[in-house]
Structures are given as structure tokens and as C-alpha cells.
Amino acid sequence: MSLPHALLTSLLEKPSSGLELAQRFSKSIGYFWQASHQQIYRELVRLEEAGWVQSHADEGARGRKRTYSVLPAGKAELKRWMALPSEHKNLRDEMMIRVRAAAVVGAKGLSDGVLERLNSHREQLALYKAIRKKDFEGKPETRSMALQRRILEAGIEYERLYVAFCEDVLKELE
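Below: a short report on this structure.

Thresholds applied
Residues numbered from 1 in each chain as written. Predicted model: local features only at pLDDT ≥ 70, side-chain atom pairs only at ≥ 80, totals over all residues. Heavy atoms only, no water. Pairing = 2+ DSSP bridges. Helix = DSSP H or I, 4+ residues; strand = E, 2+ residues; numbered from the N terminus. Contact = heavy atoms within 4.5 Å. Axes fitted to C-alpha atoms, helices over the stretch in contact; angles between N-to-C directions. Phe/Tyr/Trp six-rings, centres within 6.5 Å; stacked < 30°, edge-to-face > 60°. Buried < 20%, exposed > 50% of the residue type's maximum accessible area, 1.4 Å probe, protein only. Parallel < 35°, antiparallel > 145°, perpendicular 65-115°, else oblique. Nonpolar A, V, L, I, M, F, W, Y, C, P; charged D, E, K, R; others polar. Lys, Arg positive; Asp, Glu negative; His and termini not counted. Salt bridge = Lys/Arg side-chain N within 4 Å of Asp/Glu carboxyl O.

1. Points about the sheet that holds strand S2 (residues 53-57)
- What the 3 strands build is an open sheet, ordered S1-S3-S2; its pairing is antiparallel. Edge positions in the sheet fall to strand S1 (16-17) and S2, since each of these pairs with one other strand and no more.
- As paired strands, S2 and strand S3 (residues 66-70) are joined by 5 bridges and run antiparallel to one another. From the neighbouring strand, Gln-54 faces S3, where its bridge partner is Ser-69.
- Of the strands in this sheet, S1, S2 and S3 are in contact with helix H1 (residues 3-13), which crosses S3 at around 100 degrees.
- Sheet strands touched by helix H3 (residues 37-49): S2 and S3. Its angle to S2, the strand with the most contacts, is close to 110 degrees.

Structure (C-alpha cells):
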């Protein structure tokens, strides 16, 4: 996945200023594709130069606030990119190497790190469940909402799996 395509997706959902986009991004797409505010602003400039988005100055806004929206060429690019095969990325997780290392050099000191990871994944799982309850429970489901819910459910399953993994490792380390 690329940042330009993540931004095009977000801007198609709602035209936004750079700041609004960065705030929305961190509360949605940012859960599985991180980008700093600086990266987002730099990419918005590139998207505009490519003719995929346009911006206009917000009347009455302080400073140089601009709202960005997707142009037809940007929507066409997103459709083109979406139709490409998705590259499978193998898991690359430092915790897995630490647990494997414990098997050969001993586990002294590992429990604290695993417990920290366990708590982090429990918090993320609770957040995802709260989002599911707030955004999806008891609401009629459109196709768009169904697809967004599927992404959230994948995040929930990932967090459940990691919580179980950490709990199992901690039991083995006792």
C-alpha cells in the first residue's frame, strides 16, 4: 500500500484540510498504515502536482488553511491501483525473535517485555471493540459500512490472536 492511495481514499470519503486529514487518518487508516503529519503534508503537495487532487484556500480561515479534494484523475488512479494484485508481506515482528532467542539463551528478562506487549494489544483490542460498538452496532449496514466493518473485524482478530500469543508465552515462561 502506498501513502498516496491511502490519502486519496480518505479524501474521497471527505474533502479535508491537511490538519483535518491527519487527524482523521490517525483515527482510521492510521491503525494499519502510519504516517506522520509531515509525510501527509508532503504527499498532498505531490498529489496536487500530479493532478490527482486540488486545493483551495478556506475563506476566513487563519493562516494558509487549504481544503483538498480528489480530481477525476485521482479517482482513476485509485481505481487503477486498487485493481493491482496485492503483495503478500511476511510477518516481521521483533517479539517473535525475542521469544525464539529465549528458547536458546534463556528467558531471563523476557517476561516484562511480553507483558508490556500483552497490555498494549489488550488496549488496542478494547479500542477496536469500542469503535465497533459506536460505529456499527444497531445501525443499518450499507455496502460501504460492511467493507469498513470487515477491516475493523480483521484488526479485532489480529489483536485477539496477539493477546492469546502473549498469554501463552507468559504461561510457558512461568
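2. Points about the packing of aromatic side chains
- Across all of its chains, the model carries 2 aromatic pairs by this definition.
- Ring centres of Tyr-158 and Tyr-162 lie 6.0 Å apart, and the angle between their planes is 55 degrees; on these two criteria the pair is classed as tilted. With a gap of 4 residues between them, Tyr-158 and Tyr-162 both fall in helix H7 (residues 143-173), about one helical turn apart.
- The exposure class assigned to Tyr-158 is partly exposed, which follows from its relative accessible area of 39%.
- The exposure class assigned to Tyr-162 is buried, which follows from its relative accessible area of 4%.
- Between Tyr-162 and Phe-165 the ring centres are 5.5 Å apart and the planes differ by 80 degrees, which places this aromatic pair in the edge-to-face class. One end of the pair, Tyr-162, and the other, Phe-165, are both in helix H7, 3 residues apart, so they sit about a helical turn from each other.
- Chaining the aromatic ring pairs together yields one cluster made of Tyr-158, Tyr-162 and Phe-165.

3. With respect to H1
- With 8 of 11 residues buried, H1 lies mostly within the body of the structure.
- Among all positions of H1, only Leu-3, Pro-4, His-5, Ala-6, Leu-7, Leu-8, Ser-10 and Leu-11 are buried.
- Elements in contact with the buried residues of H1: S1, helix H2 (18-26), H3, S2, S3 and helix H4 (72-82).

4. Description of the packing of H1 against H3
- At a minimum axis separation of 10 Å, H1 and H3 run at an interaxial angle of 85 degrees. Comparing their axes, H3 and H1 come out roughly perpendicular. Residue-level inspection shows Leu-3, Pro-4, Leu-7, Leu-8 and Leu-11 of H1 in contact with H3, the latter providing Gln-39, Ile-40, Glu-43, Leu-44 and Leu-47.
- Tallied by class, residues from the contact of H1 with H3 come to 8 nonpolar, 1 polar and 1 charged.

5. Quick word on the side chain of Glu-159
- Counting through the fold element by element, Glu-159 comes out in helix H7.
- Here Glu-159 occupies a buried position and makes no salt bridge, while the nearest side chain of opposite charge, Arg-117, is found at 8.0 Å.
- Setting aside chain neighbours within four positions, we find Glu-159 in contact with His-121, Gln-124, Leu-125 and Tyr-128.

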